[in-house]
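Survey of secondary and tertiary structure
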Amino acid sequence: MNKTILIVDDEKDLCTILSDSLSRDRYRVVTAFNGKMGLQLVKKEKPDLILLDIKMPGMDGIEVLRKIKRMKKEIVVIMFTAYGTLETARKAMKLGAYDYVTKPVDLFLLKSLVKEVLGGVTKGKR
């Protein structure tokens, strides 16, 4: 059975690019364009991995991360962050995020990280 990845980001173009790229690697990809929709899909789709943007209108990624970890602590979450929000990304790591990727997203780096997570490779330290 294919692993499921949930992408939660308000940038629809980025969701499309990531979804297309990860689908080619035979992952099942679902997308949400805001935190509320993302939380609903966590319950419905039971993803193996969540790619979550920190900066979103309404509920930000930090709050979504907190709620995800309350629902299912063991779920793996990788955060997206812009250059100016690295401190927030570090905060996300303390709250249980597995790692973070800076925007603009380097597809090669992200795909390596996804393979590391879903392939069960031991995480390296930054």
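Criteria and cut-off values
- Residues numbered from 1 in each chain as written.
- Predicted model: local features only at pLDDT ≥ 70, side-chain atom pairs only at ≥ 80, totals over all residues.
- Heavy atoms only, no water.
- Salt bridge = Lys/Arg side-chain N within 4 Å of Asp/Glu carboxyl O.
- Helix = DSSP H or I, 4+ residues; strand = E, 2+ residues; numbered from the N terminus.
- Buried < 20%, exposed > 50% of the residue type's maximum accessible area, 1.4 Å probe, protein only.

A closer look at the pattern of salt bridges
Between side chains of opposite charge, a pair can form as their charged atoms come close. Counted according to the given criterion, the structure contains seven salt bridges. Put simply, Arg66 and Glu63 hold a salt bridge, and the shortest N to O gap is 3.5 Å. Of this pair, Arg66 and Glu63 are both found in helix α3 (residues 61-71), three residues apart, which corresponds to roughly one turn of the helix. Here Arg66 falls in the partly exposed class, since its relative accessible area comes to 29%. We classify Glu63 as partly exposed; its relative accessible area is 26%. As a salt-bridge pair, Glu87 and Arg90 come within 3.7 Å of each other at their nearest N and O atoms. Highlighted residues: Glu87 and Arg90, both in helix α4 (residues 86-94), separated by three residues, approximately one helical turn. A residue is classified by how much of its surface remains accessible, and Glu87, at 57% relative accessible area, is exposed. Each of Asp9, Glu11, Asp53 and Lys103 takes part in one network of salt bridges that share partners.

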